[in-house]
Amino acid sequence: MARTGARRARRYDPDRRTRILDAALDVMAEHGTTGTTHRTIAARADVPLGSVTYHFASLADLQAQAFARYVERQSATFEKLFEDVETHEQFVEVLVDLVHGGPARHRSAVLGFELHLAALRDPDLRVLTQAWTWESRAVLARFTGPGTAARLDALLEGMIMHALLAAEPEPREATRAAIVQTLGPATHTPRGDP
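Residues numbered from 1 in each chain as written. Predicted model: local features only at pLDDT ≥ 70, side-chain atom pairs only at ≥ 80, totals over all residues. Heavy atoms only, no water.

Student: Explanation requested: the overall build of the protein in the structure shown.
Tutor: Scanning the protein from N- to C-terminus turns up nine helices and zero strands. Counting helices and strands in the order they occur from the N terminus, the protein gives α-α-α-α-α-α-α-α-α. Within the protein, buried positions represent 35% of all 194 residues. For the protein, the share of sequence-separated contacts (at least 6 apart) that also reach a separation of at least 24 residues comes to 69%. (Helix = DSSP H or I, 4+ residues; strand = E, 2+ residues; numbered from the N terminus. Buried < 20%, exposed > 50% of the residue type's maximum accessible area, 1.4 Å probe, protein only. Contact = heavy atoms within 4.5 Å.)

Student: Help me out: how do you make sense of the environment of Ile-41 in this one?
Tutor: Structurally, Ile-41 can be placed in helix H2 (residues 38–45). Given the relative accessible area of 0%, Ile-41 is considered buried. For the pair Ile-41 and Met-28, spaced 13 residues apart in sequence, the C-alpha to C-alpha distance is 9.1 Å. The residues contacting Ile-41, other than those within four sequence positions of it, are Ile-20, Ala-23, Ala-24, Val-27, Thr-36, Leu-59 and Leu-62.

Student: Explain the pattern of salt bridges here, please?
Tutor: Enumeration over the complete set of coordinates arrives at 11 salt bridges. Across the pair Asp-97 and Arg-172 runs a salt bridge, and its minimum N-O distance is 2.7 Å. Taken together, the residues Asp-97 in helix H5 (residues 88–99) and Arg-172 in helix H9 (residues 172–183) connect sequence positions 75 residues apart. Since its relative accessible area comes to 37%, Asp-97 is described here as partly exposed. Connected through shared salt-bridge partners, Asp-26, Glu-30, Arg-44 and Arg-107 make up one network. (Salt bridge = Lys/Arg side-chain N within 4 Å of Asp/Glu carboxyl O.)

Student: Can you help me understand helix H8 (residues 146–165) in this one?
Tutor: Residues spaced three or four apart along an α-helix face the same direction, because each turn holds 3.6 residues. Under the 1.5 Å per step criterion, the end-to-end length of H8 is 29 Å for 20 residues, consistent within 8% with the ideal 28 Å. Residues of H8 that are buried include every one of Thr-148, Ala-149, Leu-152, Asp-153, Leu-156, Met-159 and Ile-160, and no others. Considered in projection along H8, the buried side chains sweep an arc of 140° and stay on one side of the axis. The exposed residues of H8 that point more than 90 degrees off its buried face are His-162 and Leu-165. Summarising the contacts, the buried residues of H8 are in contact with H5, helix H6 (103–119), helix H7 (123–144) and H9. (Expected span 1.5 Å × (residues − 1). Arc of directions from axis to C-beta.)

Student: Sorry if this is basic, but what is going on with unusual backbone geometry here?
Tutor: Working note: non-glycine residues mostly have negative phi, and peptide bonds are mostly trans. A positive phi is found at Asp-46, a non-glycine position, where the angle reads about 60°. Classification of Asp-46 by relative accessible area gives exposed; the value is 65%.

Structure below.
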């Protein structure tokens, strides 16, 4: 005779925690951090609600870990964009593409601004955004030097935010002109060599 009330065997799911983090990023991209709940994340990850609260101490903890995963992936993606850049013109074109990216770039930019907005109120997230900024500027500095990299980073963030908010997209030529003006004369070769 079967035991009544016997516990069901747990399903082996080694990727569950990662799936929850990725689901959290999807939900935050669609609904913002303020529209994110344990339930919406669990539904998106296709896991029981208890799994979310088991793996993460709080919603803030889950969001912080998801943002850390996002920054790690974005930093690697950003560095990879410049792997094959050999000329000043190629460098400028990669930057223009960064501002005028397609749907995947749009999602990434939305998450980036969600992170920055959340970091305004959370010192731990501010540490994450600062480290991300330094990493991005270090990549740019290989092509421009540190001072220009800082100005260029600020310009790119502003232009990306304007691109997200604009009813009419800025022409690529205007974006290119602003980047070229910020870079100044092509005195550095790629990789920052004199």
